[in-house]
Amino acid sequence: MFTFNAVDSSGYLIENDVHHAILPPLSSRLLTVPDRVGAYDFGVEIGTREIAVDVTINGASLEDLRAKVREIAAWLFHKDVKPLVFSDEPDKTYYARVAGSTDLDQIVTHGQGTITFLCPDPHAEGMNRSQTIVSGDTITNSGTIEVYPVVTVMFPAAATNLKLIKGFEQVYIKSSFAAGDVLVLDHKKALVTLNGSPSMPTIDLSTVFFPLDVGGTVLTFEPNASVSVQVDFKEKWL
């Protein structure tokens, strides 16, 4: 059983089988040079994921079957990706749309076919996680890939700068912060806002917007005595 766009499939069809690949398609990034043995290795590109679901549609009559097929078509067709959740992993969400052929083999009042979901982002996504930290705390990422957080910094007192540090990487913001200011650092978008307004000129050139590693990531910040820091992120899985 699965839900697509928050609608349960059991109200429309019977799920016979689901075809999950262990990994999405992987393409090696290689550069070959004439007269050189082998190739230069530039890592791997991860492709889009496809999930195929074999289904059966039962009708009370031929007319009822065709009516159900029309209803299912209206449910499944979307130009944009929608959340897709399977009952064996209810805590993980793919974002997908139906792609390719949806041919239906009809036997009297029963139809069988395959629905293929295309996931442009091949990762499964978990629920939003939020953690309030003090300097030196560890953020645990239990997913299988690194993820980029949104960090909210609240200033209870005035400050002249903010450094958020992970190992040798840091986000360094130079600004005159007043008590009550709220600074948001979106590491995925490389975006900084102050009290809801973009504040990009305050970013120091040494800034690197970093991800949270798989496992644990230790974050420190300065000044560590005068700010409250909240980290929000969603774990992801291959």
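The sections below set out a description of the structure shown in this document. On a predicted model such as this, the values are computed, not experimentally measured, just so you know. (Residues numbered from 1 in each chain as written. Predicted model: local features only at pLDDT ≥ 70, side-chain atom pairs only at ≥ 80, totals over all residues. Heavy atoms only, no water.)

As for the overall build of the protein chain
When you go through the protein chain residue by residue, the secondary structure sums to one helix and 21 strands. For a compact globule of 238 residues, the expected C-alpha radius of gyration is about 18 Å, and the protein chain comes in at 24 Å, more than 25% above that figure. Its C-alpha atoms give the protein chain principal-axis dimensions of roughly 75 × 60 × 30 Å. In the protein chain, which comprises 238 residues, the proportion classed as buried is 37%. Residue pairs in contact within the protein chain that sit at least 24 positions apart in sequence constitute 66% of those at least 6 positions apart. Summed over its atoms, the accessible surface of the protein chain is roughly 13200 Å², and 55% of this surface lies on carbon and sulfur atoms. Placing the 18 positive and 29 negative side-chain charges of the protein chain at their respective mean positions leaves the two points 5 Å apart. (Helix = DSSP H or I, 4+ residues; strand = E, 2+ residues; numbered from the N terminus. Rg over C-alpha atoms; globule rule 2.2 N^0.38 Å. Buried < 20%, exposed > 50% of the residue type's maximum accessible area, 1.4 Å probe, protein only. Contact = heavy atoms within 4.5 Å. Areas by Shrake-Rupley, 256 points an atom, 1.4 Å probe, with all protein chains shown as cover. Lys, Arg positive; Asp, Glu negative; His and termini not counted. Charge placed at Lys NZ, Arg CZ, Asp CG, Glu CD.)

Some points on helix 1 (residues 62–76)
Over its 15 residues, helix 1 runs 21 Å from end to end, which matches the ideal 21 Å to within 8%, given 1.5 Å per residue. Turning to helix 1, its buried residues are Leu-65, Val-69, Ile-72, Trp-75 and Leu-76. Mapping the buried residues of helix 1 onto a view down its axis gives an arc of 120°, with all of them on the same face. Summarising the geometry of helix 1, the exposed residues directed more than 90 degrees from the buried face are Glu-63, Arg-70 and Ala-74. Packing partners of the buried residues in helix 1 comprise strand 1 (2–4), strand 2 (7–8), strand 6 (49–58), strand 8 (94–98), strand 9 (104–107) and strand 10 (110–119). (Expected span 1.5 Å × (residues − 1). Arc of directions from axis to C-beta.)

Quick look at the sheet that holds strand 18 (residues 197–198)
Strand order in the open sheet formed by six strands is 11-21-13-16-17-18, with antiparallel pairing between adjacent strands. In the strand order of this sheet, the two ends are held by strand 11 (124–133) and strand 18, each with one partner. (Pairing = 2+ DSSP bridges.)

A closer look at the nonpolar core
Counting residues in hydrophobic clusters, the biggest one holds 25 residues, and the most contacted among them are Leu-162, Leu-183, Leu-185 and Val-231. Contributions of two or more residues to this core are made by strand 13 (150–154), strand 14 (159–166), strand 15 (169–177), strand 16 (182–186), strand 17 (191–194) and strand 21 (228–237). In this view, Leu-162 contacts Val-153, Phe-155, Val-171, Tyr-172, Ile-173, Phe-177, Leu-183, Leu-185, Glu-222 and Pro-223; residues no more than four positions away in its chain are not counted. Residues Phe-4, Leu-76, Leu-84 and Ala-96 belong to the second largest nonpolar core, which totals 20 residues. (Core = buried A, V, L, I, M, F, W, Y, C linked by side-chain atoms within 4.5 Å.)

Some details on the pattern of salt bridges
Side chains carrying opposite charge are able to pair once their charged atoms draw close together. Using the criterion set out here, one finds nine salt bridges in the structure. Glu-125 is the salt-bridge partner of Lys-234, the closest N and O atoms lying 3.3 Å from each other. Here Glu-125 lies in strand 11 and Lys-234 lies in strand 21, a separation of 109 residues in the sequence. Take Glu-125: its relative accessible area is 15%, and that puts it in the buried class. (Salt bridge = Lys/Arg side-chain N within 4 Å of Asp/Glu carboxyl O.)

Structural notes on the packing of aromatic side chains
As enumerated under the stated definition, the model contains six aromatic pairs in all. The interplanar angle of 15° and the centroid separation of 5.9 Å between the aromatic rings of Phe-2 and Trp-75 together place this pair among those described as stacked. Of the two residues, Phe-2 is situated in strand 1 and Trp-75 in helix 1; the sequence distance between them amounts to 73 residues. Looking at Trp-75, the relative accessible area reads 6%, which means it is buried. Grouped by ring-pair contacts, the aromatic residues Phe-2, Phe-4, Tyr-12, Trp-75, Phe-86 and Phe-117 constitute a single cluster. Looking at Arg-36, its charged tip hangs above the ring of Tyr-40, at a distance of 4.1 Å from the centre. Lying across the ring of Trp-237, Lys-92 places its NZ or CZ 4.4 Å from the centre. (Phe/Tyr/Trp six-rings, centres within 6.5 Å; stacked < 30°, edge-to-face > 60°. Lys NZ or Arg CZ within 6 Å of the ring centre and 35° of its normal.)

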